[in-house]
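# Architecture at a glance
One letter stands for each residue in the lines below.
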Amino acid sequence: MVDLMAFSWSLLAFALFHAAAKRYPRPGAAYLRPMAILLTVASLGIWIRAEGAIIGSILLVFSWIVSGSAFVVSAAVWPRVAWAIALALPWLAALGFLLRGAHAP
Amino acid sequence: MELRARLGGRAVKLSKHAFTAIWDVHAWVGVWAGLVLHVVCFTGAFCVFRDELGTWQDPELHVSHGEMRPIGQLVRPVLDRGDVGRARIDVYLPDEERSTVDVRYVPTSGGTRQMVHVHPGTGRVIPDRSQLASILFHVHFLRHDRWFPQGIYVAGVFGVAMALGLVTGVVIHFRKILRELHQFRGHKRPGIAWADAHKVLAVFGLPFQTMAAFTGAMICFGPLLLKLFAGPVFHGDAKAAERTLYGDLSGLAVSGQRVASIDLDQLVAKATDTLPGLSPTVLRFANYGDAEGSVAVYGKREGSPLGTSMVRLRLRDGAIVGTETPRANGPAQNIEQWVRGLHFAKYGGWTVRIFHALSGLAACLTILTGNWVWLLRRESRRPRASNRILSRLTVAVGGGLCLATAVLFWANRCIPMHVPLHMLGESVAFFGTWALSLLACLFVPSARKSWTALLVVSGALFALVPVLDLRHTIGKVDVALLVFGLALLGAARLVHTVKASWST
């Protein structure tokens, strides 16, 4: 559950970076990047706390590889689904964490 | 067509000729090596779950993690069997993925290594009846134990080719690499959509693909390099060379005197006392039954996520004859352990393996979309028969491998386990389906139709594997196969709906 939470924050962070990209100018983009950085740092913090500094950092890179490629491709084809997952997953992970505990599969 | 790269603080401008040459190298490496690399990456995505698949492949091995009998009681009946070669025997202890005690040995009659499984609660010996996991593992390394052991070197060459493709790809796209992180125009014509997909997946996957290519090549060429360096560096002492890279694998020299071993559990306990925090995972016996026979107790310790520690004890008296820890090991051995640990995802648990598998599948898509972009460009310039052949081969290898793997899973469950030819049946099902897909794709002119058909059938087969398991336990592997199957069906829908000029 901790892994899912860290991954979901990483996914949301990438989604915000994507929304703030110069390619898609939109109002409020300036605020998205700091939020994304904050979420990335939080995600890294969770990975490091769970797995240690080296493995935690590797996991963050992996979560960016997976969440980034999946989000860019799916947001172009199914934008609503991609954004719904990116926005809902952190809440679902937090709910799961609260209901089942940190060590639940 | 010009590239400006910033190297050492100053801009370096590549000439048009250099750019074109690098582009050509990238394209031709992709075309020649791409399909084999797709096979390597696709099977690699399954190989990271090798232990889980090793348990899944035989329902008899689905043993709940309960109380375990002493190791000696479980293992000794197998070790003392007459048909078990005693020079090297590996015993894998139960862990998160493995629920039985697995014993791997070379039979006294010779041949390839065999495996038996021991029920940890009852001590019942279960023979190896399926080779699903090992088929995928051997295809990943392009080798066959008996017929083509050199295949691993071929896989190493393809690893180097992958690294070359990555380096040339980075040089080509260096200036636009950040911009291409966010650009996928799926609604445009296929040439643009495939090119964008290729770039997005390649840029995101770059760290993983670089790691996989580099570590893969090192694993494949390791034994070969060892032979090359043994002469000039180790004065011809092959054992010393082996010890430097892999640690002490062979133990003490054989004495020729037969002596019984002391209690195995006592030996394991002594190993954990010697290296506090060691959690034993593998026991490697050397010259079991000999007076100088020994057991190496391998395991991980806190603080060394990828390094392995080992205590070697003499079997007759329990004397410690060697220890290895990441702190005390030489740099070559530590690097080798990191390389192996990174490549096989031996760290971080289930999450890391899922990330590895997804990244491996993304690498497959990178390769296939790259091939498709190249084909569309060449075909639009001048139609050729060679383009059509490559296009059909791309479908046959790409989609055919998906179908063959799905059929392998079905063959595993549909051919009764007690049938003596179960293992052969799995091989025939896998390679036979792949060969038939190849034949079918060569004769179906529409690549789009072939892709859609192969993806739909393999997606459906993967997604329905859990149905076959309803009478057993539905586990993580079944859920993963269901999700993978649904993803393939989604991909089939995507391919079908693209308004394609699949002219090749």
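Residues numbered from 1 in each chain as written. Chains lettered and ligands numbered in written order. Predicted model: local features only at pLDDT ≥ 70, side-chain atom pairs only at ≥ 80, totals over all residues. Heavy atoms only, no water.

Residue and element names in this part refer to chain B. Counting 101 residues, the largest nonpolar core has F46, L53, F409 and F430 as its most contacted members. The biggest single contributor to this core is helix α10 (residues 349-381), with 12 residues. Within the second largest apolar cluster, 28 residues are counted, among which are V268, L275, V295 and L313. (Core = buried A, V, L, I, M, F, W, Y, C linked by side-chain atoms within 4.5 Å. Buried < 20%, exposed > 50% of the residue type's maximum accessible area, 1.4 Å probe, protein only. Helix = DSSP H or I, 4+ residues; strand = E, 2+ residues; numbered from the N terminus.)

With that settled, consider the confidence of the model for chain B. Reading fine detail from the predicted coordinates is not recommended where pLDDT is low. Residue and element names in this part refer to chain B. For chain B, mean pLDDT is 88; residues scoring 70 or higher make up 96% of the total. Within chain B, the lowest mean pLDDT, 50, falls on strand β1 (residues 3-7), and the highest, 95, falls on helix α4 (residues 132-140). Counted against residues more than four places away or in other chains, residues 500-504, with its pLDDT under 50, gives 17 contacts. Both confidence scores are given for the complex: pTM 0.89, ipTM 0.87. (pLDDT = per-residue confidence, 0-100. Contact = heavy atoms within 4.5 Å.)

Attention now moves to the interface of chain A and chain B. In this assembly, 27 residues from chain A lie in contact with 25 residues from chain B. Summed over both sides, the interface of chain A with chain B buries roughly 2200 Å², with 79% coming from carbon and sulfur. Along the contact surface separating chain A from chain B lie 0 salt bridges. For the interface between chain A and chain B, the tally reads 2 residue pairs in polar contact (both at pLDDT 80 or more). Taken together, the elements giving at least two residues each to the side of chain A that touches chain B come down to α1 (2-19), α2 (29-51) and α3 (53-77) of chain A. At 16 residues, the largest contribution of residues to the side of chain A that touches chain B is made by α3 of chain A. Of the residues belonging to the side of chain A that touches chain B, the class tally is 20 nonpolar, 4 polar and 3 charged. (Buried area = accessible area lost by both parts, 1.4 Å probe. Salt bridge = Lys/Arg side-chain N within 4 Å of Asp/Glu carboxyl O. Polar contact = N/O pair within 3.5 Å; in protein donor to acceptor, adjacent residues only side chain to side chain. Nonpolar A, V, L, I, M, F, W, Y, C, P; charged D, E, K, R; others polar.)

Think of an α-helix as turning once every 3.6 residues; residues three or four places apart then point the same way. Residues and elements named next belong to chain B. Listing the buried residues of helix α3 (residues 71-79) in full gives I71, G72, L74, V75, V78 and L79. Angular distribution of buried residues about the axis of α3 spans 160 degrees; they occupy a single face of the element. Contact partners of the buried residues in α3: β3 (84-92), β4 (101-107), β5 (114-118), β6 (125-127), α8 (264-274) and β7 (279-286). (Arc of directions from axis to C-beta.)

Residue and element names in this part refer to chain B. Helix α12 (residues 422-443) packs onto α4 with a crossing angle of 45 degrees between their chain directions and a minimal axis gap of 10 Å. One finds that α4 runs oblique with respect to α12. Where α4 crosses over α12, the handedness of that crossing is right-handed. Residues L132, I135, L136 and V139 of α4 lie in contact with α12, whose contacting residues are E426, S427, F430 and F431. Among the residues forming the contact of α4 with α12, the class breakdown is 6 nonpolar, 1 polar and 1 charged. (Axes fitted to C-alpha atoms, helices over the stretch in contact; angles between N-to-C directions. Parallel < 35°, antiparallel > 145°, perpendicular 65-115°, else oblique. Left-handed = near helix turned anticlockwise from the far one by under 90°.)

With that settled, consider the pattern of salt bridges. Residues and elements named next belong to chain B. Counted according to the given criterion, the structure contains 21 salt bridges over all chains. Of the charged contacts, one joins R113 and D90 as a salt bridge, the two residues approaching to 2.7 Å between their closest N and O atoms. You can see R113 sitting in the loop between β4 and β5 and its partner D90 sitting in strand β3, a full 23 residues away along the chain. Among the residues examined, R113 registers a relative accessible area of 32% and is labelled partly exposed. The shortest N-O distance in the salt bridge between R314 and E292 comes to 3.7 Å. Taken together, the residues R314 in strand β9 (residues 309-314) and E292 in the loop between β7 and β8 (294-300) connect sequence positions 22 residues apart.

All names here are of chain B. Its 30 residues give helix α11 (residues 385-414) an end-to-end C-alpha distance of 40 Å, which sits within 8% of 44 Å, the value for a rise of 1.5 Å per residue. Along its length, α11 shows its largest kink, about 30 degrees, at G400. With respect to burial, α11 is a largely interior element, 22 of its 30 residues being buried. (Expected span 1.5 Å × (residues − 1). Bend = angle between axes of the 7 residues up to and from the residue.)

Residue and element names in this part refer to chain B. Topologically, L488 is positioned in helix α14 (residues 476-497). A residue is classified by how much of its surface remains accessible, and L488, at 8% relative accessible area, is buried. Excluding its chain neighbours within four sequence positions, the residues that come into contact with L488 are C402, L455, S458, G459 and F462.

This brings us to the pairing of β7 of chain B. Residue and element names in this part refer to chain B. Judged from the 5 bridges that link them, β3 and β7 form a sheet pairing that is antiparallel. Across the sheet, the residue bridging to Y92 is V282, located in β7. Of the strand pairs in this sheet, β7 and β8 are connected by 7 bridges, and their pairing is antiparallel. Pairing of V282 across the sheet is with Y298, part of β8. (Pairing = 2+ DSSP bridges.)

Our next topic: the pairing of β3 of chain B. Pairing analysis gives 5 bridges linking β3 of chain B to β4 of chain B, with the strands arranged antiparallel. For V91 of chain B, the partnering residue across the bridge sits in β4 of chain B and is V103 of chain B.

So, on to the sheet that holds β5 of chain B. Residues and elements named next belong to chain B. The 8 strands are arranged β6-β5-β4-β3-β7-β8-β9-β10 in an open sheet whose pairing can be described as antiparallel. The two strands at the open ends of the sheet, each matched to only one other strand, are β6 and β10 (320-324). Strand-to-strand twist in this sheet, taken as the mean axis angle between neighbours without regard to direction, amounts to 20 degrees. Contacting β7, β8, β9 and β10, α8 crosses the sheet at an angle of about 135 degrees to β9.

Moving on, we get to unusual backbone geometry. All names here are of chain B. Phi angles above zero are rare outside glycine, and L142 is one such case at about 55 degrees. At N287, a position not held by glycine, the phi torsion is positive, near 55 degrees. In this fold, N287 is placed in the loop between β7 and β8.

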